[in-house]
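# Architecture at a glance
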Amino acid sequence: ANMIPDLTEAEFSLRGKDKEEAELVFARFLDCARAAAAATGCRMEHWIQGNPYYDMRPNGALAAAFRKSWAELGGDEPVSEAKPHGSLDIGNLSHHFPCLHPSFKITHDQTVGGHTHEFAAATVTPYAEEQLIRTIKALALTALDAPNAS
């Protein structure tokens, strides 16, 4: 039978490639929900739970300072274009403060993806430890240089 129940609830998670697209998707979603409510003679309410995850907007000056520090330490080139890896909490901060989110290699095998058994095994190799220590040093040098980065 075609009945409209007294109460219907739903939970949705909406995303976009960046903050602006996510906000547009949310606005369009609300428009659709309001139109459905109006077409059926219902009332529509909504509320937001949790926090949105905005895209990462790295600070160019900090990134340049990090690349300089990385190069001074020698060795392999840093990861210049990290593979997309979902949402980052720091993305929200990067819309308000200068932020940096460097990525580094833990293996030479480019086929190893995150959240896999191969990735877990690669994290405990001498190469991964060497790259981690190098990244920590580069970040420390970047922090020392940050007041000059502009």
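Source: prediction; values computed, not measured.

### Some details on the overall build of the protein chain
- Summing up its helical and strand segments, the protein chain has 5 helices and 0 strands in all.
- Starting at the N terminus, the α and β elements of the protein chain follow one another as α-α-α-α-α.
- Taking 15 Å as the expected radius of gyration for a compact globule of 150 residues, we find that the protein chain reaches 22 Å, considerably beyond that expectation.
- Taken along its principal axes, the extent of the C-alpha atoms in the protein chain is 70 × 40 × 20 Å.
- Excluding contacts between residues fewer than 6 apart, the proportion of contacts in the protein chain whose partners are at least 24 apart in sequence is 68%.
- For the protein chain, the accessible surface area stands at approximately 11400 Å², while carbon and sulfur atoms represent 57% of it.
- Mean positive and mean negative side-chain charge positions of the protein chain (13 and 20 charges, respectively) differ by 5 Å.

### A short note on helix H1 (residues 19-40)
- Between its first and last C-alpha, H1 extends 32 Å over 22 residues, near the 32 Å set by a 1.5 Å rise per residue.
- Listed in full, the buried residues belonging to H1 are Ala-22, Leu-30 and Ala-37. All buried residues of H1 fall inside an arc of 75° around its axis, so they share one side. The exposed set on the far side of H1, more than 90 degrees from its buried face, consists of Arg-28, Cys-32, Ala-38 and Ala-39.
- Taking the backbone nitrogen of Glu-20 as reference, a side-chain oxygen 3.3 Å away marks Asp-18 as the first, capping residue of H1.
- In the stretch just after H1, Gly-41 is the one whose phi turns positive, near 70°.

Rules used throughout
Residues numbered from 1 in each chain as written. Predicted model: local features only at pLDDT ≥ 70, side-chain atom pairs only at ≥ 80, totals over all residues. Heavy atoms only, no water. Helix = DSSP H or I, 4+ residues; strand = E, 2+ residues; numbered from the N terminus. Rg over C-alpha atoms; globule rule 2.2 N^0.38 Å. Contact = heavy atoms within 4.5 Å. Areas by Shrake-Rupley, 256 points an atom, 1.4 Å probe, with all protein chains shown as cover. Lys, Arg positive; Asp, Glu negative; His and termini not counted. Charge placed at Lys NZ, Arg CZ, Asp CG, Glu CD. Expected span 1.5 Å × (residues − 1). Buried < 20%, exposed > 50% of the residue type's maximum accessible area, 1.4 Å probe, protein only. Arc of directions from axis to C-beta. Polar contact = N/O pair within 3.5 Å; in protein donor to acceptor, adjacent residues only side chain to side chain.

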